[in-house]
Amino acid sequence: LPPALKKYKHTMDISSILQGGYHHPLARTWQGKRQLTKSMLMYPIFITDEPDASVEIASLPGQRRWGINKLEGFLAPLVRKGLQSVILFGVPTKCEKDMRGSPADDASGPVILAIKKIRQLFPTLYIACDVCLCEYTDHGHCGLLNADGSIDNAPSVERIAQVAVSYAKAGAHCVAPSDMMDGRIKAIKNGLIEAKLGNKCTLMSYSAKFASCMYGPFRDAAGSAPSFGDRKCYQLPPAAKGLARRAIQRDTAEGADIIMVKPALPYLDVIADAAELAPDHPLACYQVSGEFAMIHAGAKAGVYDLRTMAFEAVDSMIRAGATLILTYFTPDFLEWLD
Ligand code: PBG
Ligand code: ZN
């Protein structure tokens, strides 16, 4: 051997050789602790109060606001491809919004009608409902306000629990409060128990929800931007690792059945923390509207291939510890996983 290679030969030992373990596509899949499967996907969908609506959302490629009469045509092909769960967001356009978000649990409002309709159309589909007031308050905040515009926590929690119980009574398999008021998990759990639904409805907490700039397309889609101020007094500061850990621990203690981290990709360390702090709970993460739009924009700009990037992003969430992924890519993944 030439001297250069001789040296190389002596510095290589058995433990240096890794590539043999992943030379084959199948062997590459074995290198992950878990792999994305269709049952890990929860699809966020927007339901509006115009029964025949099918309105494109410009900022969310391929996503639409759906009217109740369009749900069958929209969901049937997805259920056929293996869709197993959805999370509903109400987008009221015709209702009278007020300071307490009264339309949120209107029995003839889009969410409650959609729960009933979807249960009847697709009995095996798992229906989660986002619970929040911002789509229904005239001020666009997620809770009730004091006269000075600050959050009035106690009545907010009471109202949010009331809305959650209404969705559960209508047949939601899961309620998922995204408001970030203090103490709402305990209040909702107690409300479900009092309504004898404690054993029939999952409580998924948006536990570590950050005050992110990545909710913009969603607020467009849902018409839920605050009319003044921002959400920084209830959503977590992006750098707040400690607060996120405390919120995760609090919500498991208050009775959450599933813990969620949101957004997902910029908060992988928080997902990993949640996996360590709540190892006995399913762990969800929400790949939010801005993440979805960003991946699309990058692909459109030629930065990467859409599908490859979508898998890389979601694989990183699973690697961090997520067992459930809320993503607008769900229809694509159902296709890609075949
Ligand atoms: C409402 C809510 C938001 C999202 C889910 N529920 C927006 C917000 O908090 O302003 C964001 C979802 C997304 O961006 O895809 N509380
Ligand atoms: Zn809200």
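Heads up: these notes are all about the structure in this document. (Residues numbered from 1 in each chain as written. Chains lettered and ligands numbered in written order. Predicted model: local features only at pLDDT ≥ 70, side-chain atom pairs only at ≥ 80, totals over all residues. Heavy atoms only, no water.)

1. Focus on the overall build of the protein chain
Point 1. The helix and strand inventory of the protein chain stands at 12 helices and 10 strands.
Point 2. Relative to its length of 338 residues, the protein chain is compact, with a C-alpha radius of gyration of 22 Å against a globular reference of 20 Å.
Point 3. Taking the principal axes of its C-alpha atoms as reference, the protein chain extends roughly 85 × 45 × 40 Å.
Point 4. Put simply, the protein chain has 338 residues, and 53% of those count as buried.
Point 5. As displayed, the protein chain has an accessible area near 15,700 Å², and 55% of this comes from carbon and sulfur atoms.
Point 6. Each charge class in the protein chain can be summarised by its mean position, and for the 37 positive and 35 negative side chains these summaries are 6 Å apart. (Helix = DSSP H or I, 4+ residues; strand = E, 2+ residues; numbered from the N terminus. Rg over C-alpha atoms; globule rule 2.2 N^0.38 Å. Buried < 20%, exposed > 50% of the residue type's maximum accessible area, 1.4 Å probe, protein only. Areas by Shrake-Rupley, 256 points an atom, 1.4 Å probe, with all protein chains shown as cover. Lys, Arg positive; Asp, Glu negative; His and termini not counted. Charge placed at Lys NZ, Arg CZ, Asp CG, Glu CD.)

2. Looking at the site of ligand 1
Point 1. In the vicinity of ligand 1, 18 residues are found, and the nearest of them are Lys 209, Arg 219, Lys 262, Ser 289 and Tyr 328.
Point 2. In the model, a nitrogen atom of ligand 1 is placed 3.0 Å from a nitrogen or oxygen of the Ser 178 side chain.
Point 3. Contact distances for ligand 1 include 2.7 Å between an oxygen atom and a side-chain N or O atom of Ser 289.
Point 4. A per-class count over the shell around ligand 1 returns 10 nonpolar, 3 polar and 5 charged. (Near = heavy atom within 4 Å. Polar contact = N/O pair within 3.5 Å; in protein donor to acceptor, adjacent residues only side chain to side chain. Nonpolar A, V, L, I, M, F, W, Y, C, P; charged D, E, K, R; others polar.)

3. Topic: the packing of aromatic side chains
Point 1. Scanning the entire structure with this criterion turns up 17 aromatic pairs.
Point 2. On the numbers, 6.1 Å between centres and 45° between planes, the contact of Tyr 286 with Tyr 328 is tilted. In this pair, Tyr 286 sits in strand β9 (residues 283-287) while Tyr 328 sits in the loop between β10 (324-327) and α12 (330-336), placing the two residues 42 residues apart along the sequence. Pair check on accessibility: Tyr 286 and Tyr 328 agree, each one buried. (Phe/Tyr/Trp six-rings, centres within 6.5 Å; stacked < 30°, edge-to-face > 60°.)

4. Topic: the pairing of strand β4 (residues 85-91)
Every regular strand shows the same layout, with side chains that alternate between the two sheet faces.
Point 1. In terms of residue burial, β4 counts as a mostly covered element, since 7 of its 7 residues are buried.
Point 2. With burial as the criterion, each face of β4 is covered, one bearing Ser 85, Ile 87, Phe 89 and Val 91 and the other bearing Val 86, Leu 88 and Gly 90.
Point 3. Alignment of β4 against strand β5 (residues 126-131), held across 4 bridges, turns out to be parallel. The residue of β5 that forms the bridge with Ile 87 is Ala 128.
Point 4. With helix α4 (residues 110-121) bridging β4 and the parallel β5, this β-α-β connection has right-handed handedness. (Pairing = 2+ DSSP bridges. Right-handed = clockwise from strand over helix to strand, strands pointing away.)

5. Concerning the pairing of β10
Point 1. Along β10, one buried face is formed by Leu 324 and Leu 326 and the opposite face, lined by Ile 325 and Thr 327, is buried too.
Point 2. Inspection of the sheet shows strand β1 (residues 41-48) paired to β10 by 2 bridges, in the parallel sense. Each residue of the ladder has a partner; that of Leu 41, found in β10, is Ile 325.
Point 3. Bridge count for β9 against β10 is 4 bridges, and the pairing is parallel. Considered in β10, the bridge of Tyr 286 is made with Leu 326.

6. Focus on the pattern of salt bridges
Point 1. Inspection of every chain in the model, using the stated rule, returns 14 salt bridges.
Point 2. A salt bridge links Lys 94 to Glu 50, with the shortest nitrogen-to-oxygen separation between them at 3.7 Å. Here Lys 94 is found in the loop between β4 and α4, whereas its partner Glu 50 is found in the loop between β1 and β2 (54-56), with 44 residues between them in sequence.
Point 3. Note on Lys 94: relative accessible area 56%, which makes it exposed.
Point 4. Classification of Glu 50 as partly exposed rests on a relative accessible area of 38%. (Salt bridge = Lys/Arg side-chain N within 4 Å of Asp/Glu carboxyl O.)

7. Details of the packing of helix α8 (residues 241-253) against helix α9 (residues 268-277)
Point 1. Close contact between α8 and α9 brings their axes to 10 Å; oriented N to C, the two are set at 35°. When the axes of α8 and α9 are compared, the crossing they make is right-handed. Touching Lys 241, Ala 244, Arg 245, Ile 248 and Gln 249 of α8 are Asp 269, Val 270, Asp 273, Ala 274, Glu 276 and Leu 277, all from α9.
Point 2. Split by residue class, the contact of α8 with α9 holds 5 nonpolar, 1 polar and 5 charged. (Axes fitted to C-alpha atoms, helices over the stretch in contact; angles between N-to-C directions. Left-handed = near helix turned anticlockwise from the far one by under 90°. Contact = heavy atoms within 4.5 Å.)

8. Topic: the side chain of Thr 330
Point 1. Relative to the helices and strands, Thr 330 is located in helix α12.
Point 2. Side-chain polar atoms of Thr 330 contact the backbone oxygen of Thr 327, separated by 2.7 Å.
Point 3. When near neighbours in sequence (up to four residues on either side) are disregarded, Thr 330 contacts Leu 41, Met 42, Tyr 43 and Leu 83.

9. A look at the coordination of the zinc ion (ligand 2)
Point 1. Protein-derived coordination of the zinc ion (ligand 2) comes from Cys 132 (SG), Cys 134 (SG) and Cys 142 (SG), at a distance range of 2.2 to 2.3 Å.
Point 2. Written as a sequence motif, the donor arrangement for the zinc ion (ligand 2) is C-x1-C-x7-C.
Point 3. Judged by relative accessible area, Cys 142 falls into the buried class, the value being 0%. (Donors = N, O, S within 2.8 Å, 3.2 Å for Na, K, Ca; no water.)

10. Examining α8
Point 1. When the terminal C-alpha atoms of α8 are compared, their 19 Å separation across 13 residues agrees well with the 18 Å that a helix rising 1.5 Å per residue should span.
Point 2. Along α8, the residues classified as buried are Ala 244, Ala 247, Ile 248 and Asp 251. The buried side chains of α8 occupy one side of the element, clustering within an arc of 100° when seen end-on. Every exposed residue of α8 that faces more than 90 degrees away from the buried side is listed here: Arg 246 and Ala 253.
Point 3. Lining the buried residues of α8 we find α6 (184-194), β7 (202-209), β8 (258-262) and α9.
Point 4. Positive backbone phi, approximately 110°, marks Gly 255, located one or two places after α8. (Expected span 1.5 Å × (residues − 1). Arc of directions from axis to C-beta.)

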